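# Observations on chain architecture
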Amino acid sequence: MGNFKDRIGTWKALYTEAFHKVTEALPQVRGVLLAYNTNIDAIKYLDSQDLEDRIERIGREKVLKYSEELPERITRVEHLLGGILWSIRRGKAAELFVESCSVRFYMKMWGWDELRIGGQVGIMANLLGGVYGVPVIAHVPQLSRLQASLFLDGPIYVPKLECGKLKLVHPRKFWRDEENCIHYIYEFPRGFRVFDFEAPRENRFIGSADDYNPNLYIRPEFREAFEEITEKAELAIISGLQALTKENYKEPFVEIGRHLDVLSAKGIPVHLEFAFTPDEAVRRKLVEILGRFTSVGLNEVELASIMEILGEKAISERLLKTEPIDPLIVIDAMNILMDRTGIERIHFHTYGYYLALTSYHGEEVRDALLFASLAAAAKAMKGNITGLKDVRKALAVPTNEKALIFEEKLEREFSEFERGVAKLEDKQLVFVPTKIVVSPKSTVGIGDTISSSAFVGEFALR
Ligand code: AMP
Ligand code: GLC
């Protein structure tokens, strides 16, 4: 496909076309069911002097210990500050459960700069319902007044049982003040300095002061009226299983299995948003049931962690070794995953490009990925997307030129590879270079934005 300049021009045209096609198709989606995790994200943009002072007050040595190795959960302030430092030193995301009330109070007093809807379900509900106008039914484990106020206007619904009768209402019309599930998000930019450490890239550390989402609490409405709830859905996205542990996963997995039975009996395609799942027993169980989903969304760390479970240690290590990661290694891993589980769609995202391997053909897969990249850039720029105009503005963000070398590589590898689409015998592979925002406002929720936009966008185009 021509020289470098031509390539950029071609992608520019494909991006514009995809934006128009997907935005025109989205209103045709009748309903998306979103389960299970919704919370309040209290976002704090870290200040290095403030953080250094706090670390000194607790004791530098005590804190540094936990920046070498993360504690399992947070029961003391040094765990929290050490965890934040762990993320900064590596430029990596991490999330820990905050068990102690006194640390929860410490975090509350430290404060936040911004409150946003959080959890995969919350983020996707506001994006799909509030921005794209696609009707969504969301599982919100606790609907406090504060949580309800963070939902955008639009076709966003939660189920409510009144005298045994199911009603779908906007979260602000739920009128019950349940508990606040707050996740404190400590964001830092690339180059952020604390003592001698410097963040190699922007990222965040999360402390979840939340007893519901980490245990995958499923509301009575979803237990008692799930079949009726699904009548309004033609697609489903499941997430929030990542914080479970070997001690608490069994019971929720029984209920999830029942939900999957209902969705499958109705022929509703289900996407699993595979967030990083530290507990190996839970990850093993997830991989075991992956074939029951139509689609999965993941990044390089998550794909590597699955390869490990599948006994593919060498490929798992290679996935984590180089940055940017060679797409040929990713494609090998995706093929293994598809062949072993039978899942029909795998959407991989990393910094700079996305790949989708599907067991079916169609250019709409590529167009949906391009649209998702615009949504991701909008999310990186604004933190909170409130209208389609934000997504449209992302058309002006430059396309990652470094990924074009990978595109050339794929052209050499696959004989039939054109404009990002390789038609293989029984599968299709799609590659797109993404938009990259140089100084993002925040990083939390970009992955959810990418996966939900691509999954729903693709089905809308069909
Ligand atoms: P996750 O790690 O699953 O939350 O997903 C993060 C994804 O967001 C990465 O894989 C990138 O594709 C995307 N991303 C991260 N930073 C940026 C940025 N500055 N501009 C555009 N996309 C980004
Ligand atoms: C996890 C966090 C949540 C955050 C979300 C973003 O679910 O618990 O706080 O909003 O990730 O992807």
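Owing to the predicted nature of the structure, the values given are computational and were not obtained by experimental measurement.

## A look at the packing of helix 14 (residues 327–341) against helix 17 (residues 403–413)
Interaxial distance between helix 14 and helix 17 falls to 10 Å at its minimum, and their mutual angle equals 55°. Considered as vectors, helix 14 and helix 17 are oriented oblique to each other. Across the interface between the two elements, P327, L328 and I331 of helix 14 pack against F406, K409, L410 and E413 of helix 17.

## What about the site of ligand 1?
If you check the shell around ligand 1, you find 15 residues, and the closest are N299, H349, T350, V437 and I446. In the environment of ligand 1, an oxygen atom lies 2.9 Å from a nitrogen or oxygen atom belonging to the side chain of H349. Contacts to ligand 1 include V437, whose backbone N or O atom sits 2.9 Å from a nitrogen atom. Contact with the protein chains removes 87% of the 500 Å² of surface that ligand 1 exposes when unbound. Here the shell around ligand 1 gets three residues from one element, more than from any other, and that element is helix 18 (residues 446–461). Of the residues assigned to the shell around ligand 1, the class counts are eight nonpolar, four polar and three charged.

## Considering the sheet that holds strand 13 (residues 270–273)
Reading across from one edge, 7-6-5-1-12-13-14-15-16-19-18-17 is the order of the 12 strands in this open sheet, with mixed pairing throughout. Strand pairing shows two members of the sheet lacking a second neighbour, strand 7 (165–169) and strand 17 (417–418), which therefore form its edges. One ladder, built from four bridges, connects strand 14 (residues 295–298) with strand 15 (residues 345–350); its direction is parallel. Its bridge partner being in strand 15, G297 is matched across the sheet by H347. Sitting on the sheet, helix 15 (residues 364–382) touches strand 15, strand 16 (353–358), strand 18 (421–423) and strand 19 (428–433), and the angle it makes with strand 16 is about 150°. On top of the sheet, helix 18 reaches strand 1 (32–35), strand 12 (235–238), strand 13, strand 14, strand 15 and strand 16; it is set at about 145° to strand 15, its chief contact.

## A word on the side chain of H170
Within the fold, H170 resides in the loop between strand 7 and strand 8 (182–188). At 2.9 Å, the side chain of H170 forms a polar contact with the backbone oxygen of L152. Here H170 is in contact with F151, L152, D153, G154, I156, Y157 and V158, once residues within four sequence places are set aside.

## Points about the UniProt feature "binding site: D-glucose" (unreviewed entry) in the protein chain
In this numbering, the UniProt entry assigns the feature "binding site: D-glucose" (unreviewed entry) to D41, E95, G119, Q120, H183 and D448. Within the secondary structure layout, D41 lies in strand 2 (residues 39–45). For D41, a relative accessible area of 4% corresponds to the buried category. In this structure D41 touches E114, L115, R116, I117, G118, G119, H183, I185 and V444, once residues within four positions along its chain are discounted.

## Side note on the sheet that holds strand 8
As summarised here, the arrangement of the five strands in space is 3-11-8-2-4, forming an open sheet in which the pairing is mixed. On the outer flanks of this sheet lie strand 3 (94–97) and strand 4 (114–118), each paired with one strand and no other. Strand-to-strand twist in this sheet, taken as the mean axis angle between neighbours without regard to direction, amounts to 25°. Sitting on the sheet, helix 4 (residues 77–90) is in contact with strand 3, strand 8 and strand 11 (203–209), with an inclination near 155° to strand 11.

## Some thoughts on the UniProt feature "binding site: Mg(2+)" (unreviewed entry) in the protein chain
Under the UniProt annotation, the feature "binding site: Mg(2+)" (unreviewed entry) is placed at E273, E302 and D448. In summary, the annotated positions, though distributed over 176 residues, converge in three dimensions, the widest C-alpha pair being only 13.6 Å. Here E273 shows up in strand 13. Once you skip the residues sitting within four places of it in the chain, E273 turns out to touch Q120, M124, I238, S239, G297, G447, D448 and S451. On the accessibility criterion, D448 (7% relative accessible area) is buried. Those residues within four positions of D448 in sequence are excluded, and the remaining contacts are Q120, I123, M124 and E273.

Definitions and cut-offs
Residues numbered from 1 in each chain as written. Chains lettered and ligands numbered in written order. Predicted model: local features only at pLDDT ≥ 70, side-chain atom pairs only at ≥ 80, totals over all residues. Heavy atoms only, no water. Axes fitted to C-alpha atoms, helices over the stretch in contact; angles between N-to-C directions. Helix = DSSP H or I, 4+ residues; strand = E, 2+ residues; numbered from the N terminus. Parallel < 35°, antiparallel > 145°, perpendicular 65-115°, else oblique. Contact = heavy atoms within 4.5 Å. Near = heavy atom within 4 Å. Polar contact = N/O pair within 3.5 Å; in protein donor to acceptor, adjacent residues only side chain to side chain. Areas by Shrake-Rupley, 256 points an atom, 1.4 Å probe, with all protein chains shown as cover. Nonpolar A, V, L, I, M, F, W, Y, C, P; charged D, E, K, R; others polar. Pairing = 2+ DSSP bridges. UniProt positions renumbered as here; feature names shortened; annotations may be inferred. Buried < 20%, exposed > 50% of the residue type's maximum accessible area, 1.4 Å probe, protein only.

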